[in-house]
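# Structure assessment
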Amino acid sequence: MGNKKNLLWDGIEIKLLTPLSAEFFPNEESGWEGEQGEPGSEELWDGMDLMECMDAIQEAVDRENSPEEEGGEPCNLMEYFYGSDSIKEKVKSAVVSVESAEDILYGCTTLHLKENLTSEEFHELCEYITGQYSDGWGEGFEQRNIQVDGGTLNVHFWQGNGMEFHIQEGKRPNPENEQTAGSGNQARKIRPKLQLFGHDGNIFSIMGDAKRLLARNGQKQEADEMCKRIFKSGSYNEALGIISEYVETELSDVREKKNQRKQKPGKSPCR
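In this report, we go over the structure that sits alongside the text. These numbers were taken from a predicted model, which means no experiment stands behind them.

### What about helix H8 (residues 203-216)?
Along an α-helix, residues three or four apart share an orientation, since each turn contains 3.6 residues. Helix length check: H8 (14 residues) gives 20 Å between terminal C-alpha atoms against 20 Å at 1.5 Å per residue, within 8%. Where H8 is buried, its residues meet helix H2 (47-50), strand E5 (104-113), helix H9 (220-232) and helix H10 (236-246). Of the residues that open H8, the one with a side-chain oxygen 2.9 Å from the backbone nitrogen of phenylalanine 204 is asparagine 202. Of the residues flanking the end of H8, it is glycine 218, one or two places downstream, whose phi is positive at about 75 degrees.

### Focus on the pairing of strand E1 (residues 12-19)
Most of E1 sits inside the fold, with 6 of its 8 residues counted as buried. Pairing of E1 with E5 involves 8 bridges; the strand directions are antiparallel. What sits directly across from isoleucine 12, in E5, is leucine 113.

### Things to note about H9
The first and last C-alpha atoms of H9 sit 19 Å apart over 13 residues, in line with the 18 Å expected at 1.5 Å per residue. Where H9 is concerned, the buried positions are Ala223, Met226, Cys227 and Ile230. All buried residues of H9 lie within an arc of 100 degrees about the axis, which places them on one face of the element. Structural note: H9 exposes Gln221, Lys228 and Lys232 on the side pointing more than 90 degrees away from its buried face. Lining the buried residues of H9 we find H8 and H10.

### Points about the nonpolar core
Ranked by size, the top nonpolar core spans 40 residues in total, and within it Ile57, Leu125, Phe141, Leu153 and Phe157 carry the most contacts. Ranked by residues supplied to this core, first place goes to helix H5 (residues 119-135) with 5 residues. Excluding residues within four positions of it along the chain, leucine 153 makes contact with Ala22, Glu23, Phe24, Trp45, Leu50, Cys53, Ile57, Arg144, Asn145, Ile146 and Val148. Counting residues in hydrophobic clusters, the runner-up holds 17 residues, among them Ile206, Ile242, Ile243 and Val247.

### Let's talk about the packing of aromatic side chains
Enumeration over the complete set of coordinates arrives at 7 aromatic pairs. With 5.6 Å between their ring centres and 80 degrees between their planes, phenylalanine 141 and phenylalanine 157 make a pair best called edge-to-face. With phenylalanine 141 in helix H6 (residues 137-141) and phenylalanine 157 in the loop between strand E7 (151-156) and strand E8 (166-169), the pair connects residues that are 16 residues apart, well separated along the chain. Each member of the pair phenylalanine 141 and phenylalanine 157 is classed as buried. Connected via pairs of aromatic rings, a cluster forms that spans Tyr133, Trp137, Phe141 and Phe157.

### Overview of the side chain of serine 244
In this structure, serine 244 sits in helix H10. Relative accessible area serves as the criterion here: at 2%, serine 244 is assigned to the buried category. At a separation of 2.9 Å, a polar atom in the side chain of serine 244 contacts the main-chain carbonyl oxygen of leucine 240. A distance of 2.6 Å separates a polar atom in the side chain of serine 244 from a polar atom in the side chain of threonine 249.

### Notes on the sheet that holds strand E3 (residues 43-46)
Across a sheet, strands are paired by hydrogen bonds formed along the backbone, either parallel or antiparallel in direction. Reading across from one edge, E3-E2-E7-E6 is the order of the 4 strands in this open sheet, with antiparallel pairing throughout. Looking at strand neighbours, the two that pair on one side only are E3 and strand E6 (146-148), the edges of this open sheet. In this sheet, adjacent strand axes meet at a mean angle of 35 degrees when their direction is disregarded. Judged from the 4 bridges that link them, strand E2 (residues 21-26) and E3 form a sheet pairing that is antiparallel. Across the sheet, phenylalanine 24 pairs through a bridge with glutamate 43, a residue of E3. Packed onto the sheet, helix H3 (residues 54-65) meets E6 and E7 and runs at close to 160 degrees relative to E6.

How each quantity is defined
Residues numbered from 1 in each chain as written. Predicted model: local features only at pLDDT ≥ 70, side-chain atom pairs only at ≥ 80, totals over all residues. Heavy atoms only, no water. Helix = DSSP H or I, 4+ residues; strand = E, 2+ residues; numbered from the N terminus. Expected span 1.5 Å × (residues − 1). Contact = heavy atoms within 4.5 Å. Polar contact = N/O pair within 3.5 Å; in protein donor to acceptor, adjacent residues only side chain to side chain. Buried < 20%, exposed > 50% of the residue type's maximum accessible area, 1.4 Å probe, protein only. Pairing = 2+ DSSP bridges. Arc of directions from axis to C-beta. Core = buried A, V, L, I, M, F, W, Y, C linked by side-chain atoms within 4.5 Å. Phe/Tyr/Trp six-rings, centres within 6.5 Å; stacked < 30°, edge-to-face > 60°. Axes fitted to C-alpha atoms, helices over the stretch in contact; angles between N-to-C directions.

Note that all results are geometric; they support no functional claim without further evidence.
Next comes the structure, spelled out in structure tokens:
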């Protein structure tokens, strides 16, 4: 029912992707020593591990979203939003699901918008969804036991403070809007952040951390491209600069300002 209605929506559709994690509790038949539920009996899984259980997790999400009345719409998080009136006016619905990208399973909230949000409104909405993941919708869902091959999963949409939302654009109302916001169905991802301060100065260690961040962000192709460029670089500083193009570091702002100055057109010579 929910998917069918989504196809009829002619406004702006945006998907907000966030990392997933889970505890996997093996059952007795799996040969695991110890009783299920005891401390230390679980395995910690991330989005890559959860890909093989995508269907089971989505089914559990659908049950969580099931309307109380037959024929009703799935749970819409905007029904519980008490923030800015402008956001209530612009956002028609926010429905939770899961989404795969680059062989990683993410938590997903699909937004149906009447018009684009400002940066302040978007930040407020992400804070609200974070709260739903930690204390509202997500708090109830992580207590559901999801039966999978070999055991049981408890899946977490909330990953602690400082959650990052990766933006994936879907349908837009008309072609004119695509000129300023990118073509439809094209992913636009926020660069992951990497703090250089505190690393031991080993460029391969920094490169490895950056590569893992990009992979988790659904940017495996960019991660491979970054590594190839680093191996061809001629110095430590050049390699750091390349990393700072793909992930956001303390050097990113400096490099971008330099590039902007280089791109400014100069005066045409007199004739």
